[in-house]
Amino acid sequence: MQGSVNGRATQEDLRVQSNIASGMVPASFICLIIFVSMWFKNLRIYRLSPDWVCSAQELEEALSKHSFTPGSSQEPLSLGWVSPRENNALVHEVNGQYLIALRAEKKLLPTTVINQVAREKARDIEEQQGYKPGRKQMKEIKEQVIVDLMPRAFAVSRDTRVWIDTRNHWLAIDAAATAKSDEVLGLLAKSIEPFPVQPLYTEQSPAAAMTSWLVDEEQLANFTVDQDTELRSTGDSGAAVRYVKQSADIAEVRKHVEAGKQCTRLAMTWADRISFVLTDALDVKRVAPLDILTEKQDVTAVNDDEIFDADMTLMTSELAKMISDLVEVLGGERK
């Protein structure tokens, strides 16, 4: 269940599990929870080299060389591949679709704690040497404090899922922040040789395209514009206008465009099936399957594995078609 922290169930998890065990939660509702929770919430999209061929077993062997192990007492960050299904397999494969996961374990050492301990040590040193430590010495004191405190730092972990579409040659990372996707790409580059991942570029920039869609939505094929929009100045001022849960007025949009603003975030729906927010960096955020997809769940699946595979098949097939259509409305790929 989502909401657990480092493997410990939250009160909400325990409440839901208790209701399930007592029969208070219908089986169909349980399947819906699993279906929605397994969907990627964000898509940072990349191209796989067209000549890259790698079986699930070959990928498993490559990733195993960098599987996750908890960091030592002095390591502030540890990265490694883990099972996306918690079954010891580093690659989950369904019909040419691979699911993998990167675990990042970070030691939490608040700056306020470091500064407080460093000040105390600086006072002791001042008493010993008769004068306040200088800038260089304070830096050395802080570095030593970090070394001393690191073994006692609290460790938190998070998993970032990656979808590899070997049929359509897409790679998508479920990450909203650039830093998280960079962690994935960095360890992939160490794990796979040669590195098969390439940036995705379109003929039309997302900002220019989204701005034109606001003025003339009819040019969009298979997409509709929703009610969240952000327009931002292209100049140094960084001025921004946001429409939250309301449609942008076309006349107002034209005035903002004439004033030098472009659309940097736009809520959209694809084929009445998936809602999302597109950014000027071609990131897809707040991805959510709509009712028409939740109704297409495979009700014949009889166990967790079958349910997961059916939901993964539906998710990957729909997202692959959505990505293809999105690239098309952006003028196609730039070669």
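Residues numbered from 1 in each chain as written. Predicted model: local features only at pLDDT ≥ 70, side-chain atom pairs only at ≥ 80, totals over all residues. Heavy atoms only, no water.

## Looking at unusual backbone geometry
Cis geometry marks the peptide bond from E193 to P194, where omega comes out at -5°. Topologically, P194 is positioned in the loop between α6 (178–191) and β7 (197–199). Of note, E86 is a non-glycine position whose phi angle comes to about 55°, a positive value. If you trace the backbone, E86 turns up in the loop between β2 (77–82) and β3 (92–94). On the basis of relative accessibility, which here comes to 74%, the residue E86 falls in the exposed class. Positive phi outside glycine occurs at R286, with the angle close to 50°. By the element assignment, R286 lies in strand β12 (residues 283–289). (Helix = DSSP H or I, 4+ residues; strand = E, 2+ residues; numbered from the N terminus. Buried < 20%, exposed > 50% of the residue type's maximum accessible area, 1.4 Å probe, protein only.)

## Details of the packing of helix α4 (residues 111–129) against helix α5 (residues 135–149)
Two packed helices can be described by the angle between their axes and the distance between those axes. Two elements in contact, α4 and α5, have axes whose closest approach is 9 Å; the angle formed by their N-to-C orientations is 125°. Between α4 and α5, the angle falls in the class oblique. As for how α4 packs across α5, the hand of that crossing is right-handed. Across the interface between the two elements, V113, I114, N115, V117, A118, K121, A122, I125 and Q129 from α4 touch Q137, M138, I141, K142, V145, I146, D148 and L149 from α5. (Axes fitted to C-alpha atoms, helices over the stretch in contact; angles between N-to-C directions. Parallel < 35°, antiparallel > 145°, perpendicular 65-115°, else oblique. Left-handed = near helix turned anticlockwise from the far one by under 90°. Contact = heavy atoms within 4.5 Å.)

## Observations regarding the confidence of the model for the protein chain
In the predicted model, the protein chain carries a mean pLDDT of 86, and the fraction of residues at 70 or more is 87%. A low-confidence stretch, residues 1–10 (pLDDT under 50), is modelled with 17 contacts involving residues beyond four sequence positions or located in other chains. (pLDDT = per-residue confidence, 0-100.)

## Brief notes about the side chain of T202
With respect to the secondary-structure elements, T202 resides in the loop between β7 and α7 (206–215). When sequence neighbours within four positions are dropped, the list of residues in contact with T202 reads L282, V327, L330, G332, E333 and R334.

## Some details on the pattern of salt bridges
The full count for this structure, using the stated rule, is 11 salt bridges. Note that R85 is salt-bridged to D305, the shortest N-O span being 2.7 Å. Residue R85 is found in the loop between β2 and β3, and its partner D305 is found in helix α10 (residues 304–329); the two are separated by 220 residues along the sequence. With a shortest N-O distance of 3.1 Å, R161 and D174 are connected by a salt bridge. Pair noted here: R161 is in strand β5 (residues 154–165) and D174 is in the loop between β6 (170–173) and α6, with a separation of 13 residues, a long-range link. As far as burial versus exposure is concerned, R161 and D174 are alike and both buried. Each of the salt bridges in this network shares a partner with another, and the network as a whole consists of E230, R232 and R242. (Salt bridge = Lys/Arg side-chain N within 4 Å of Asp/Glu carboxyl O.)

## Some remarks on the pairing of β12
On a regular strand, each side chain points to the face opposite its neighbour's, so the side chains alternate between the two faces of the sheet. The buried fraction of β12 is high, at 5 of 7 residues. One ladder, built from 4 bridges, connects strand β11 (residues 274–279) with β12; its direction is antiparallel. Across the sheet, the residue bridging to I274 is P289, located in β12. (Pairing = 2+ DSSP bridges.)

## Remarks on the pairing of β6
Of the two faces of β6, the one holding W170 and A172 and the one holding L171 and I173 are both buried throughout. In this sheet, β6 lies alongside strand β1 (residues 43–48) in antiparallel orientation, the contact comprising 4 bridges. Its bridge partner lying in β6, R47 is registered against W170. Bridge count for β5 against β6 is 4 bridges, and the pairing is antiparallel. Across the sheet, the residue bridging to I164 is L171, located in β6. Counting the residues between successive antiparallel strands, the hairpin from β5 to β6 contains 4 residues, one of them, H169, with a positive phi of roughly 60°.

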